[in-house]
Amino acid sequence: MSTDNSSEYFSSQFKLGILGGGQLGKMLLYETRKFDIHTVVMDSSPEAPSKIACNEFILGDLMDFDAVYNLGKQVDVLTIEIENVNVDALEKLEDEGLKVFPQTKALRIIQNKAKQKLFYVDNNIPTADFQRFAYKSEIIDSISNGALDFPFIWKAAQFGYDGQGVKVVRKIEDLNELPAGECIAEKMIDFKNELAVIVTRSVSGEVRTYPVVEMEFHPEANQVEYVICPARISDAVAQKAQEIALKVSEKIQHVGLLAVELFQTKDDQIIVNEVAPRPHNSGHYSIEASYTNQFEQHLRAILDLPLGDTKSKVAGIMVNLVGAEGHTGDVVYENMSKILGMEGVTPHIYGKKQTRPFRKMGHVTIVNESISEARKIAQQVKETIKVISK
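Residues numbered from 1 in each chain as written. Predicted model: local features only at pLDDT ≥ 70, side-chain atom pairs only at ≥ 80, totals over all residues. Heavy atoms only, no water.

Overview of the side chain of Ser-249
Link 1 in the chain: Summarising the element assignment, Ser-249 is placed in helix 7 (residues 235-252).
Link 2 in the chain: By relative accessible area, Ser-249 is classed as buried at 0%.
Link 3 in the chain: Those residues in contact with Ser-249 that lie beyond four places of it in its chain are Val-199, Arg-201, His-254 and Leu-258. (Helix = DSSP H or I, 4+ residues; strand = E, 2+ residues; numbered from the N terminus. Buried < 20%, exposed > 50% of the residue type's maximum accessible area, 1.4 Å probe, protein only. Contact = heavy atoms within 4.5 Å.)

See below:
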């Protein structure tokens, strides 16, 4: 249990720095405002969604050493809402005594997908077989000498997100449009479910997991369309998923949230796909459905406050709102009043003024006593609301 240092955070001189001002930062700021915690956010976009909700906003490049370092010198604790940040600057700040969560040691493992995969292998954490390549040209050599077979999943080692930096490669021509740098080629897993578990670890080492969620993906965009909590799986599979997620968390020793994405294979084995050391799309349902939502829990963890109850009050389904195909420009949310008329429906609009195909523009949570009823309403929401341009 943590010591009571809580008085220093609320309505005080304490400053929390957040690297990244996207929708995750904006939703984290719902909670800092609830607690009256002073926030300083840095983002490279003058139209960052978080800008309206933080106490201080700094325009700066998250990959720029000086920008990140200078932000760190103004705050008491520094956290992230995106992994693509300058870790060297964070490491220097840590060396100088700043509390940085997740710690740079964890970030260095997670930021690079090749390092992340090697970490799983070294720690006997089940994951799909893979090969690591410094250059794309090496993949062609590997295919021609029979060491790599189609189909496989290509992943950029750095800076992938939301379906960017991931591609199914079925034939040699599929490699043409991919960037040339460091990457991994991963064996395609014949899975029956994609699952996720969010694990929270506080500074004092208190650990809590959220229930296992199930993710349904959009076939073309490689993006989550629905997150379903609780996952429609057996207790035995759920327990295995929790245990593996806890093992990953224990080995990485992060502080804050760790979202662990998993595959449930046809024979009910659980293998790790990848992790994110921050609030995550798979936990958005928790704002309406959980006793303690993921964003509040992240704050509790990094400020070393007692962790909250992760149980759900009701079944929850999250529907991602993404830009419709064929639409680029000023955003319009069509049929909003129709979905607001449905039972248990809460939209969250992220504040991005420009839409483009498959860009994450918001999400909608559906809560209901019955998971099957919630799933039906989620389908109606998906078919009703349209994210288009003027």
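Things to note about the pattern of salt bridges
Link 1 in the chain: A full pass over the atoms with the stated rule returns 24 salt bridges.
Link 2 in the chain: Between Glu-214 and Arg-232 there is a salt bridge, and its shortest N-O distance comes to 2.8 Å. In this pair, Glu-214 is assigned in strand 12 (residues 213-217) and Arg-232 in the loop between strand 13 (224-229) and helix 7, connecting sequence segments 18 residues apart.
Link 3 in the chain: Glu-214 sits in the buried class, given a relative accessible area of 5%.
Link 4 in the chain: Measuring nitrogen to oxygen at the nearest pair gives 2.9 Å for the salt bridge that ties Glu-216 to Arg-375. Within this pair, whereas Glu-216 is found in strand 12, its partner Arg-375 is found in helix 11 (residues 371-384), the two being separated by 159 residues in sequence. (Salt bridge = Lys/Arg side-chain N within 4 Å of Asp/Glu carboxyl O.)

Focus: the sheet that holds strand 9 (residues 183-187)
Link 1 in the chain: The strand order across the open sheet formed by four strands is 6-9-7-8, and the pairing between neighbours is antiparallel. Each of the sheet's edge strands pairs with one partner strand only, and the pair in question is strand 6 (130-133) and strand 8 (166-169). Across the sheet, the axes of successive neighbouring strands diverge by a mean angle of 20 degrees, strand direction being ignored.
Link 2 in the chain: When strand 7 (residues 152-156) meets strand 9, the two strands line up antiparallel, connected through five bridges. Within the sheet, the bridge partner assigned to Ile-153 lies in strand 9 and is Glu-186.
Link 3 in the chain: Where helix 5 (residues 113-122) meets the sheet, its contacts fall on strand 6, strand 7 and strand 9, and the angle it forms with strand 6 comes to roughly 140 degrees.
Link 4 in the chain: Contacts from helix 6 (residues 136-144) reach strand 6, strand 7 and strand 9, with the element oriented near 135 degrees to strand 6. (Pairing = 2+ DSSP bridges. Axes fitted to C-alpha atoms, helices over the stretch in contact; angles between N-to-C directions.)

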